[in-house]
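Coordinate analysis (summary)
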Amino acid sequence: MTPIPQTTLEQWSVLRTVVESGSFARAAEQLNRSQSSVSYAINRLQERLGVALLQIDGRKAQLTEAGRTLLAEATPLIEDMILLEARGRALSAGHEAQVRLLIDSIFPRQRLFKVLTLFQQQYPTVEIELRELVRQPAPDPATVPYDLAVSIWDITSQHAIRMFDIELVAVAHPSHALHQRGISLTQPTLSRYPVVSIQRYDGNPVVPYTQPLTSRQWRVSTVEAAIGAVSSGLCYGWLPRHLIKADLTAGRLVPLPLGSEGSRQIPLYLSYASRDRAGIATRAMADLLLAD
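To start, this report covers the structure provided alongside it. Once a new chain begins, its residue numbering starts again from 1 and follows that chain's sequence as written. At least 70 in pLDDT is required for a residue's local features to be given in this predicted model, at least 80 for side-chain atom pairs to be given and counted, and no such filter applies to totals for whole chains, interfaces and linings, which use all residues. Side-chain numbers here rest on the full set of heavy atoms in the structure, without hydrogens or water.

Describing the overall build of the protein chain
Within the protein chain, the regular secondary structure consists of nine helices and eleven strands. Buried means the residue's accessible area, taken with a 1.4 Å probe over protein chains only, is under 20% of the maximum for its type, while exposed means over 50%, and partly exposed covers the values in between. When the 292 residues of the protein chain are sorted by exposure, 41% land in the buried category. Put simply, 69% of the contacts in the protein chain that link residues at least 6 apart link residues at least 24 apart. In these tables, accessible area is a Shrake-Rupley quantity obtained with a 1.4 Å probe, and a residue counts as shielded only by the protein chains included in the view. When the accessible surface of the protein chain is split by element, carbon and sulfur atoms take 53% of a total near 16200 Å². Only DSSP runs of H or I covering at least 4 residues are called helices, and only runs of E covering at least 2 are called strands; the numbering of each starts at the N terminus. Any two residues whose heavy atoms approach within 4.5 Å are treated as being in contact.

Right, dumping it as structure tokens:
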């Protein structure tokens, strides 16, 4: 036989309010109830448990040792139920339960976390599922489910919204051989030295906005690994300027002498998995991502 709880979260909530307010009278005011109904809820709770939860010290209601232990265990349940009810009201108002977000790994993290903070303040009941892309177009929603994707340009997409460009800079460690030549570099010269490239999760090399594929490559799966590889002094690479700003300022990484060819722009685009089916929260997330 499945056991049924003999106490209610409402009773535990009343107990918490009595403890936090310090008295039955103040708890009754906060709960907009009569003092007798507050006392009745506490008495029923103690009867069901068979243990005293409160003791009166002067005019102040305090927890017993058993009360402290049990209320501490009940508090997360109370918070979970409050959140569950809030989510129910949000769903009734047309909000999604979750927004699934794909973000390219070169998207500025500070900007991303600002967006997520603002979103959670506006939609505290909506969960965010965040996953990273590694410099690839938005995938097919049928194979990789998502609601919004921020990715590099996809020539097949007709509805992607251009956001902004990410600058890539050709850099190497100051002791790298490419910095010792003392002349402007050419593509044939670069091809004789190892370059770091980033691979997607499926093992396919990322071709756009990198040097042509050669056998002299270090293949890594994250931007952070690419930065580490270049910082080792054993290869050069095209790295996002905003992620290596401190290294450039400190001289730990130095731009290669390529003139105007030493900088490239990667446009980022926002895509809906289905704009027609996007809910209120998804559209709000998109607006925050697109905001300056």
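Let's talk about the packing of helix α1 (residues 9-21) against helix α2 (residues 24-31)
Helix-helix packing is described using two parameters, namely the angle between the two axes and the distance between the axes. Each axis is a line fitted through C-alpha atoms, taken for helices only over the stretch in contact, and angles between the N-to-C directions span 0 to 180 degrees. Closest axis-to-axis distance for the α1/α2 pair is 8 Å, and the angle between their directions is 120°. Between α1 and α2, the angle falls in the class oblique. Crossing of α1 against α2: the hand is right-handed. Contacts between α1 and α2 pair Val 14, Thr 17, Val 18 and Ser 21 from the former with Phe 24, Arg 26, Ala 27, Gln 30 and Leu 31 from the latter. Residue classes in the contact of α1 with α2 are distributed as five nonpolar, three polar and one charged. Under this scheme an angle from 65 to 115 degrees is roughly perpendicular, one under 35 degrees roughly parallel, and one over 145 degrees roughly antiparallel; angles in between are oblique. When the near helix sits turned anticlockwise from the far one by under a right angle, the crossing is termed left-handed; a clockwise turn instead gives a right-handed crossing. Residue polarity is assigned by list, with Asp, Glu, Lys and Arg as charged and Ala, Val, Leu, Ile, Met, Phe, Trp, Tyr, Cys and Pro as nonpolar; anything else, Gly included, falls into the polar class.

Observations regarding helix α5 (residues 109-122)
One fewer than the residue count of a helix, multiplied by 1.5 Å, yields its expected span. With 14 residues, α5 should reach 20 Å at 1.5 Å per residue; the first-to-last C-alpha distance of 20 Å fits that figure. All buried positions along α5 are accounted for by Leu 112, Val 115, Leu 116 and Phe 119. End-on, the buried residues of α5 take up no more than an arc of 95°, which puts them together on one face. Projecting away from the buried face of α5 at angles above 90 degrees are the exposed residues Gln 110, Lys 114 and Gln 121. Of the surrounding elements, those touching the buried residues of α5 are β3 (98-104), β4 (127-133) and α9 (280-290). Each C-beta atom gives one direction from the helix axis, and the arc is the one those directions make.

Some details on the side chain of Ser 105
Along the chain, the position of Ser 105 falls in the loop between β3 and α5. If near-sequence neighbours (up to four positions away) are discounted, Ser 105 is found in contact with Glu 132, Leu 133, Val 134 and Val 223.

With respect to the nonpolar core
Buried Ala, Val, Leu, Ile, Met, Phe, Trp, Tyr and Cys residues that are joined via side-chain atoms within 4.5 Å together make up what is termed a nonpolar core. Formed by 56 residues in total, the largest nonpolar core has its most connected members in Phe 107, Tyr 236, Leu 256, Met 285 and Leu 289. Residue contributions to this core peak at eight residues, all from strand β6 (residues 161-172). In this structure Met 285 touches Val 99, Leu 101, Val 115, Leu 116, Phe 119, Ile 128 and Leu 148, once residues within four positions along its chain are discounted. Ranked by size, the runner-up nonpolar core spans 18 residues in total, among them Ala 27, Leu 53, Leu 54 and Ala 74.

Digging into the packing of aromatic side chains
Two rings belonging to Phe, Tyr or Trp (six-membered ring only in the last case) form a pair when the distance between their centres is within 6.5 Å. Interplanar angles under 30 degrees mark stacking, angles over 60 mark edge-to-face geometry, and anything in between is tilted. Inspection of the entire model under this criterion finds two aromatic pairs. The interplanar angle of 55° and the centroid separation of 5.6 Å between the aromatic rings of Phe 107 and Phe 164 together place this pair among those described as tilted. Separated by 57 residues along the polypeptide, Phe 107 in the loop between β3 and α5 and Phe 164 in strand β6 bring together distant segments of the chain. Phe 164 carries the same exposure label as Phe 107, and that label is buried.

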